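# Working through the structure, step by step
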Amino acid sequence: MDIQITTKKSEGVERLLEVSIPVAEVEAAEARTTQRYASQVRLPGFRPGKAPAHIVRKRFKDAIRQQVLESLVQDAYKEVLEREKLQVAAQPHIHDVTFEEGKPLRFELHVEVRPELKLERVSGFRLTKPKAEIGEAQVQEQLDTLLDQRATFAPVEEKPNPGDMVTVELATAEEGEALPEGKEYRLVIGSGQAIPAIEELILTLTPGATAEQPVRWPDDFPDEAQRGKTKPVRVHLKEVKRKSMPALDDAFAREVGDFETIAALRAAIEVDLSENATREADAAVRQQLLDEIAAANQFDVPGSWVQSLIDGYMQMYKIPEEERARFSEEFRPVAERQVRRDLIIDAIAEREQLQATEADVDDRVAEVAAKRGAEPGPVYAQLQKAGRLKEIEQGITEEKVFNWLLSQNTID
């Protein structure tokens, strides 16, 4: 197309271009569109496809003009990408469209482009890998968690202690208002399910007793409107249950899993914690390396990619509408870091030819199949149907990139 392109803004990955399509191009497009209409429409007094162009144009003027506008903008957009050699990062935006009879068609094209990563320095960094050491305290913490998961609660007829589960009827009202009928709640004392002042009141009661007194809401209460308020509160303690922990013995180990002794369970926990610590240490040193590369090779990232990642996490975590603005602001640095990480990995994989091959994917699928005790063919089909092959391919590529990077740098 014979169009004029004027760059109005070119900063980082952002481009703002003014596009002008000459009158002759517009008129030619209108003539072609009118002819198509004339060959298809039926007008009274004319045989199909024989209505004069000027009558068709007058009758379907708005529809013809709209179709011309859409087709010309689309064709011009393709021409801009080709001539300016733009690799767009997201759907562009069209602004300030001017489409008047007898005048050129003009519009502004606002687009983000993929950043060009030169990555002039990716080696020579010195990194410290965290120590993946597991102590007895960490093993015991896991055992305590398993014990707690299998604890039982039995009723007691005495005042509750921290850690006890209580059933209460709780009623609150605004200052000066009458207390309504209480609502039943089940709480674990000391778990933060109730504000401290209400827990303190519960701790003074025995089952069947009731207490009523003013309670001040804490200054850090989640609902800002309630912070610092003093309200009348009535608590009726219906039941107290005390936790009873199982014995940490061989019988407990057999209940948890396929372990004959508590020593075997401890050993399995230690192995699991060690493997997890190793994975975390590897991930930490990889992130250190990517942060160093990003700092040494500055580049902008498309804001649309960052926002897309934020939107995905908000959907995954089911962030309420009223919390989305705050979440977006707080999570943005994390999202930018993730986008920058992915761009660096992709750039190195392409430059050093480290992308996963079909053979690599086949080998990985065979490994998955072997662990499942299945044949590779059906497993491949399952993974393909579930859309997991791309994930496997990306994982292999990342492994190759990090293995190459770690060979180029010093890890202490």
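Look above for the structure.
My aim in this report is to walk through the structure given alongside it, one point at a time. (Residues numbered from 1 in each chain as written. Predicted model: local features only at pLDDT ≥ 70, side-chain atom pairs only at ≥ 80, totals over all residues. Heavy atoms only, no water.)

### Describing the environment of D96
- Looking at the element boundaries, D96 is found in strand β3 (residues 93-98).
- Separated by 130 residues in the primary sequence, D96 and Q226 have C-alpha atoms spaced 48 Å apart.
- Sequence-distant contacts of D96, defined by excluding residues within four places in its chain, comprise R106, F107 and E108. (Helix = DSSP H or I, 4+ residues; strand = E, 2+ residues; numbered from the N terminus. Contact = heavy atoms within 4.5 Å.)

### Notes on the packing of aromatic side chains
- Scanning the model with the defined rule gives five aromatic pairs in all.
- Aromatic side chains Y37 and F60 sit 5.7 Å apart centroid to centroid with 40° between the ring planes, which places their arrangement in the tilted category. With Y37 in helix α1 (residues 23-40) and F60 in the loop between α2 (53-59) and α3 (61-84), this pair connects stretches of sequence that are 23 residues apart.
- Here Y37 falls in the buried class, since its relative accessible area comes to 17%.
- When its relative accessible area of 23% is taken as the criterion, F60 is described as partly exposed.
- Aromatic side chains Y317 and F327 sit 6.5 Å apart centroid to centroid with 70° between the ring planes, which places their arrangement in the edge-to-face category. Within this pair, whereas Y317 is found in the loop between α8 (303-316) and α9 (324-351), its partner F327 is found in helix α9, the two being separated by ten residues in sequence.
- Put simply, the rings of Y313, Y317, F327 and F331 touch in pairs and so form one group of aromatic residues.
- Here the guanidinium or amino end of R65 rests over the ring plane of F99, the centre of that ring lying 3.7 Å away. (Phe/Tyr/Trp six-rings, centres within 6.5 Å; stacked < 30°, edge-to-face > 60°. Buried < 20%, exposed > 50% of the residue type's maximum accessible area, 1.4 Å probe, protein only. Lys NZ or Arg CZ within 6 Å of the ring centre and 35° of its normal.)

Remember, this is a structural readout, not a statement about activity or role.
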